[in-house]
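Examining the three-dimensional arrangement
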Amino acid sequence: MGAVLLIEDDDRIRLSLAMALEDEGYTAYAVATAEEGIAAQRRQPADTVLVDLMLPGMDGYECIRQLRREDDVPIVVVSARDDTHDIVAALEAGADDYVVKPVAVKELAARLRALRRRARAAQPAATPVTSVLSFGDLEVRPEAGEVRLRGEPVAVTRTEFRLLCELADHPGLVLSRQQLLQRVWGHEFGDERVVDVHVGRLRHKIETDTASPRYLVTVRGLGYKLQS
């Protein structure tokens, strides 16, 4: 199932969660500080990293930023903090997903499996093909892993790209937050704010006016759609 690095300062949670993950078939490495976690990832890279936000010394946000500067490893925040600001800040720092404590281990294991599938699917093809999904001046090139706006490349994260591709595959069709959670993040449950945060980040990159978006549109009470 792969190796998981757990960065958690609470001894009880750290030990119990590591044991539970091993019961699910993972190899778990558990440390108490961000500094130890970064050193461990440099020394023996794990397939996935779980990070608490409230850590002694370097906090979880800076830990995520440091890991992301050095590695493209999938990062999941596991935190008791469930305020929208905390979720947004963690995702902005570079986390791929966010799980609120207390953790249901079966749910967490399902998310880890989904992240591994996404990481494998994100590997670029040896010879990218040139299929283009066009929405006015916005172009999405799924096989090439590119997004272009008025001919210029747009820098997006792996998760933002998958979200944009999912919407581009269904032009003009409204997809609910729950559908996007399932199709992009790979699980049928979770905090829908994760979707909203990524939509907001995409809008800042592709829209001229984020308050009145042209491409990535909200359909109130239903979800999101991508339109020309």
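Provided above is the structure to which this section pertains.
Residues numbered from 1 in each chain as written. Predicted model: local features only at pLDDT ≥ 70, side-chain atom pairs only at ≥ 80, totals over all residues. Heavy atoms only, no water.

**Quick notes on the nonpolar core**
- By size, the foremost hydrophobic cluster in this structure holds 52 residues, and its most contacted members are Val-51 and Leu-226.
- Residues in contact with Leu-226, not counting those within four places in the same chain, are Phe-135, Leu-138, Leu-164, Leu-167, Ala-168, Pro-171, Gly-172, Tyr-215 and Leu-216.
- Counting 15 residues, the second-largest nonpolar core is a separate cluster that includes Leu-6, Tyr-26, Val-78 and Leu-112. (Core = buried A, V, L, I, M, F, W, Y, C linked by side-chain atoms within 4.5 Å. Buried < 20%, exposed > 50% of the residue type's maximum accessible area, 1.4 Å probe, protein only. Contact = heavy atoms within 4.5 Å.)

**Observations concerning unusual backbone geometry**
- Cis peptide bonds are those with omega within 30 degrees of zero, and the linkage from Lys-101 to Pro-102 qualifies with -5°.
- Examined against the element boundaries, Pro-102 turns out to sit in the loop between strand S5 (97-100) and helix H5 (105-121).
- You will see that Arg-150, though not glycine, has its phi angle at about 50°, which is positive.
- As for its position among the elements, Arg-150 is in the loop between strand S8 (146-149) and strand S9 (152-153). (Helix = DSSP H or I, 4+ residues; strand = E, 2+ residues; numbered from the N terminus.)

**A look at the sheet that holds strand S1 (residues 3-7)**
- Strand order in the open sheet formed by five strands is S2-S1-S3-S4-S5, and the pairing between neighbours is parallel. One side of each edge strand has no neighbouring strand; the edge strands of this open sheet are strand S2 (27-31) and S5. This sheet shows a mean twist of 20° between the axes of neighbouring strands, independent of strand direction.
- When S1 meets strand S3 (residues 48-51), the two strands line up parallel, connected through four bridges. (Pairing = 2+ DSSP bridges. Axes fitted to C-alpha atoms, helices over the stretch in contact; angles between N-to-C directions.)

So yeah, pure geometry; function would need other evidence.
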